[in-house]
Amino acid sequence: MNISLTHPGIAKLIPRMLLVVLASTALHAQPVLEFKSIDASAWPRVEAKFLLTCRGQPVGIPDLRHVSATEDGLPILTDFSFFCPDPPDRFSISVALVFDASGSMVGGGNAGARAGGNAFIDMMDGRNDEAAIVWFGSIVNVAQGMTTYLDLLHNAVNLLPADGMTAMWDGAYAGLQEIIASGFGYRALILLTDGADNASTKTRGDVVTLALKNRIRVYTIGLGSGVNSTALLSLADTTDGRYFGVTNPGNLPSVYQAIYLDFWRPGPCQISYTSTCSGASHRTIQIAVSDVCDGSTSRTKI
C-alpha cells in the first residue's frame, strides 16, 4: 500500500516526527564521560583516567580550560596535572610483536602466528612505521630489533620456532624494553600465546607496571582453550589495549589487522593530583568537562 506524504494523517505526524528526530540528535551529540580507573596506591598522590566519547566515538579534550575536578566537593588545586591524547591522525608506530614459540604452538598455531605477524607487517607503511619481533619458549629471544625494514621483519616472523615451555611474562617484558629503548612513534605491544605462563621470572604485575609507566598499550591474543584469559584480559584492560580470544589459528591475520587499525583509537585522558583531604577513608572525585562536542558533562566516582 502506498501512502502519500500529503495524506492528512501523515501531514499531522511530520512535525512530531521532526521534533523527535531533532531531540534525539541533540541528545546523542552530548559528550559522555566514563571513568576507566582511579589509582591511589601512591597516596596522597591520586591518578584518575577517563574516556570521553561523542556520538559513540572517543574524542580528545583541547586543553585544561575544558576540565575541572573536585575531591569531596572541594576544587583540586594541589599539584594538579592533566594529560589527554590529541584526536589521532595518521602517525608512525613503534610496536613489539611478541609471539609464543613454545612446543604447544607446533603445527597450526605456529602457522597462524606467522600468518598473523606477516599480515600486520603488510599493514605497515614501509617508511616510518617500525616494529620488533620477540618470541618466547623456555627462553626469550629478540629475533629482530626495532626496524622499519619490512623484509627483515617478515624474515624474523617466518623463522618462528615452536619448542620448549612458556616464558610469557618474560617475553612481554622484553618486548616492552625493546619499545622503550628504541621506539619513537605511537607505542604498543601485541602478545600472542596459546597457554599459561610456566617459565618466567617476571610477573604480570611487572609487565603492567612497566607498560603503564611508559604509556604503552598492550594488546593480548589468547589462542585456544589453554590460555589464562583472565590474566590476558586484565593486562589489556589495564593498559588500554584489547583482548582477543581466538579458537581458529586461521583467524589470526584478521585479528592482527584489526589491532593495527585500533591504534588510531584515542587513549584515555588522565588527571593526577596530591590530595589534601584527611580523616575519611573514602574520597568522592568529580570530573567535569565543558564545551566539548556541543555540550558538557560530569561524572562522580568514590
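Residues numbered from 1 in each chain as written. Predicted model: local features only at pLDDT ≥ 70, side-chain atom pairs only at ≥ 80, totals over all residues. Heavy atoms only, no water.

A.B. asks: Lay out the packing of aromatic side chains in plain terms, naming residues and giving numbers.
C.D. replies: Counting across every chain of the model gives six aromatic pairs. Where Phe99 meets Tyr256, the ring centres are 6.1 Å apart and the plane angle is 25°; that geometry is what we call stacked. In this pair, Phe99 sits in strand S7 (residues 93–100) while Tyr256 sits in helix H7 (residues 252–262), placing the two residues 157 residues apart along the sequence. Taking relative accessible area as the criterion, Phe99 reaches 0% and is therefore assigned buried. Positioned above the aromatic ring of Tyr173, the side-chain terminus of Lys202 is 4.4 Å from the ring centre. (Phe/Tyr/Trp six-rings, centres within 6.5 Å; stacked < 30°, edge-to-face > 60°. Helix = DSSP H or I, 4+ residues; strand = E, 2+ residues; numbered from the N terminus. Buried < 20%, exposed > 50% of the residue type's maximum accessible area, 1.4 Å probe, protein only. Lys NZ or Arg CZ within 6 Å of the ring centre and 35° of its normal.)

A.B. asks: With reference to specific residues and values, describe the pattern of salt bridges.
C.D. replies: All chains considered together, the criterion is met by two salt bridges. One salt bridge connects Asp262 with Arg242, and the closest N-O pair in it is separated by 3.0 Å. Taken as a pair, Asp262 in helix H7 and Arg242 in the loop between helix H6 (229–238) and strand S12 (243–246) lie far apart in primary sequence, 20 residues in all. According to the relative accessible area criterion, Arg242 is partly exposed, its value standing at 39%. (Salt bridge = Lys/Arg side-chain N within 4 Å of Asp/Glu carboxyl O.)

A.B. asks: How would you summarise the environment of Gly175 if you had to cite specific residues and measurements?
C.D. replies: Along the chain, Gly175 turns up in helix H4 (residues 168–182). Classification of Gly175 by relative accessible area gives buried; the value is 0%. As for Gly175 and Ile133, which are separated by 42 residues in sequence, their C-alpha atoms are 8.1 Å apart.

A.B. asks: Outline the side chain of Asn110, supporting the account with residue identities and numerical values.
C.D. replies: Tracing the backbone shows Asn110 in helix H2 (residues 108–123). You can call Asn110 buried: its relative accessible area is 10%. Ignoring sequence-local partners within four residues, the contact set of Asn110 consists of Met105, Leu160, Pro161 and Ala162. (Contact = heavy atoms within 4.5 Å.)

A.B. asks: Describe the packing of H2 against H7, listing the residues and the values that go with them.
C.D. replies: Viewed as axis vectors pointing N to C, H2 and H7 meet at an angle of 35°, and their least axial separation amounts to 7 Å. Read as a crossing pair, H2 and H7 show a hand that is right-handed. Together, Gly112, Ala113, Ala115, Gly116, Gly117, Ala119, Phe120 and Met123 of H2 and Leu252, Pro253, Tyr256, Gln257, Tyr260 and Leu261 of H7 make up the contact between the two elements. Broken down by class, the residue content of the contact of H2 with H7 amounts to ten nonpolar, four polar and no charged. (Axes fitted to C-alpha atoms, helices over the stretch in contact; angles between N-to-C directions. Left-handed = near helix turned anticlockwise from the far one by under 90°. Nonpolar A, V, L, I, M, F, W, Y, C, P; charged D, E, K, R; others polar.)

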